[in-house]
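Reading the structure
Given next are the chains, with one letter for each unit.
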Amino acid sequence: MRHGQTAHRHGRPIERVANLPTVRGYDSTSYGDGFADVYDEWYSDVTDVDATVSRMLTLTGAGGTVLELGVGTGRLAGPMAAAGLRVTGIDSSAAMLERIAAQPGGDSVVAIHGDMVRDLPDGPFDSCLVAYNTLFNLLDQAEQRECFRVVAARLPPGGCFVVEAIVPDPTAPAGGDVSVRSIAADRVVLSVSDHRPHDQRTTGQFVELTEAGGVRLRPWAIRWAPPEELDAMATDAGFTLEERFADMAGNPYDEAADHHVSVYRI
Ligand SMILES: C[S@@+](CC[C@H](N)C(=O)[O-])C[C@H]1O[C@@H](n2cnc3c(N)ncnc32)[C@H](O)[C@@H]1O
């Protein structure tokens, strides 16, 4: 579907946001629809699941309610639910959501098909999690700011919003890059990306070429922001930065950190 066209979710029309895509034809369903079949195989340990469960248990309290934005296949939501948290997850991709039930704990995750800015359930929730750069799937600053605002409206006083993301490298050069993700006798997967520092966007494709002649494209796009920019968005939405770690395990954050886990309190 091209941007600007109308999609149907929850049985009602939803207008695509006209100025977002940096890749023609890319919208909020593209990532999930492209990656659903390989997501758990490629990304099962891309972040620390056990540490995430433990962090969210500590912040939320046993038996508390968690809203996960861009819940995907339930890689984190399932284990959080298995640990006793009551988890609701929202995702724009039906193909990703279909996989949640197969995760340990996935049966008790409430899965909502919708947009993480426009379609959030009312809540309230004790905490909200947006993990593994998923906030950056919102492709402009206004959308990211709005995300902080709508999350703040779903938390009670004292509730927290946990954001896990990369710390962008300000020295990364603009331009394209091609590397190899995997090679087998009958297939190769290439990673093709285009980094545009001036508008804080990186777009890419995993291109799978097979001996049988097939080509499979898996597109992705992010609008990245440094922690200080996220802090400003959070402050404007009424949050206070309570803690910042280098990872979910709580290792100290410093200037060398390439990831952060930020805990914002309302
Ligand atoms: C990188 S995956 C992360 C999945 C999961 N949170 C994890 O850590 O494994 C990002 C997810 O966000 C979803 N997504 C992207 N844009 C979205 C939007 N605007 N609203 C809701 N979900 C979105 C994608 O479909 C995908 O499942």
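Residues numbered from 1 in each chain as written. Predicted model: local features only at pLDDT ≥ 70, side-chain atom pairs only at ≥ 80, totals over all residues. Heavy atoms only, no water.

Quick look at the overall build of the protein chain now. Helix and strand counts for the protein chain come out as seven helices and 13 strands. Across its three principal directions, the C-alpha atoms of the protein chain cover 55 × 40 × 35 Å. Within the protein chain, the proportion of its 266 residues that are buried is 51%. Considering only contacts within the protein chain whose residues lie at least 6 apart along the sequence, 59% involve residues at least 24 apart. Of the accessible surface of the protein chain, which amounts to about 12200 Å², a share of 51% is contributed by carbon and sulfur atoms. Positive and negative charge centroids in the protein chain, built from 22 and 38 side chains respectively, lie 6 Å apart. (Helix = DSSP H or I, 4+ residues; strand = E, 2+ residues; numbered from the N terminus. Buried < 20%, exposed > 50% of the residue type's maximum accessible area, 1.4 Å probe, protein only. Contact = heavy atoms within 4.5 Å. Areas by Shrake-Rupley, 256 points an atom, 1.4 Å probe, with all protein chains shown as cover. Lys, Arg positive; Asp, Glu negative; His and termini not counted. Charge placed at Lys NZ, Arg CZ, Asp CG, Glu CD.)

The next subject is the site of the ligand. Lining the immediate surroundings of the ligand are 21 residues, of which Y39, E68, G70, R75 and D91 lie closest. One nitrogen or oxygen atom from the side chain of E68 is found 2.8 Å from a nitrogen atom belonging to the ligand. Residue D115 places a side-chain N or O atom 3.0 Å away from a nitrogen atom belonging to the ligand. Of the residues assigned to the shell around the ligand, the class counts are eight nonpolar, nine polar and four charged. Among the domains, domain 1 (13-35 + 169-223) and domain 2 (41-168 + 225-265) are the pair contributing at least three residues each to the shell around the ligand. (Near = heavy atom within 4 Å. Polar contact = N/O pair within 3.5 Å; in protein donor to acceptor, adjacent residues only side chain to side chain. Nonpolar A, V, L, I, M, F, W, Y, C, P; charged D, E, K, R; others polar. Domains from an automatic or database assignment.)

Now for the environment of D169. Within the element layout of this structure, D169 appears in the loop between β7 (160-166) and β8 (175-184). D169 sits in the partly exposed class, given a relative accessible area of 44%. Considering only alpha carbons, one finds D169 and D258, 89 residues apart in sequence, at a separation of 7.8 Å.

Another aspect to go through is the pattern of salt bridges. What the rule picks out here adds up to 13 salt bridges. Two residues, E146 and R149, come together in a salt bridge whose shortest N-O distance is 2.7 Å. On the criterion of helical spacing, the pair formed by E146 and R149 is a turn pair, its members being three residues apart in helix α6 (residues 141-152). Relative accessible area serves as the criterion here: at 28%, E146 is assigned to the partly exposed category. (Salt bridge = Lys/Arg side-chain N within 4 Å of Asp/Glu carboxyl O.)

Next up on the list: the pairing of strand β10 (residues 201-210). Within a regular strand, side chains alternate between the sheet's two faces. Across the ten residues that make up β10, a large majority, seven, are buried. In terms of strand pairing, strand β9 (residues 187-196) meets β10 through ten bridges, oriented antiparallel. For R196, the partnering residue across the bridge sits in β10 and is R201. The antiparallel pairing of β9 with β10 creates a hairpin that spans four residues between the two strands, and Q200 there sits at a positive phi of about 55°. Linking two consecutive strands that pair antiparallel, namely β10 and strand β11 (residues 215-223), is a turn of four residues; a positive phi of about 110° is found at G213 within it. (Pairing = 2+ DSSP bridges.)

So, about α6. In this model, α6 (twelve residues) spans 17 Å end to end at C-alpha, consistent with the 16 Å of a helix rising 1.5 Å per residue. E143, Q144, C147, F148, V150, V151 and A152 are the residues of α6 that are buried. Lining the buried residues of α6 we find β3 (65-69), β6 (127-130), β7, β11, α7 (227-236) and β13 (259-265). Sitting at the amino-terminal end of α6 is D140, which places a side-chain oxygen 3.3 Å from the backbone nitrogen of A142. (Expected span 1.5 Å × (residues − 1).)

For the protein chain, the mean per-residue pLDDT works out to 91, and 92% of the residues sit at or above 70. pLDDT under 50 marks residues 1-21. Its contacts with residues more than four places away, or in other chains, come to 49 contacts. (pLDDT = per-residue confidence, 0-100.)

Between G123 and the following residue, P124, the backbone shows a cis peptide bond with an omega angle of 5°. The phi dihedral of Y132 is positive, around 45°, even though this residue is not glycine. Mapped onto the secondary structure, Y132 falls in the loop between β6 and α6. At N133, a residue that is not glycine, the phi angle is positive and equals roughly 65°.

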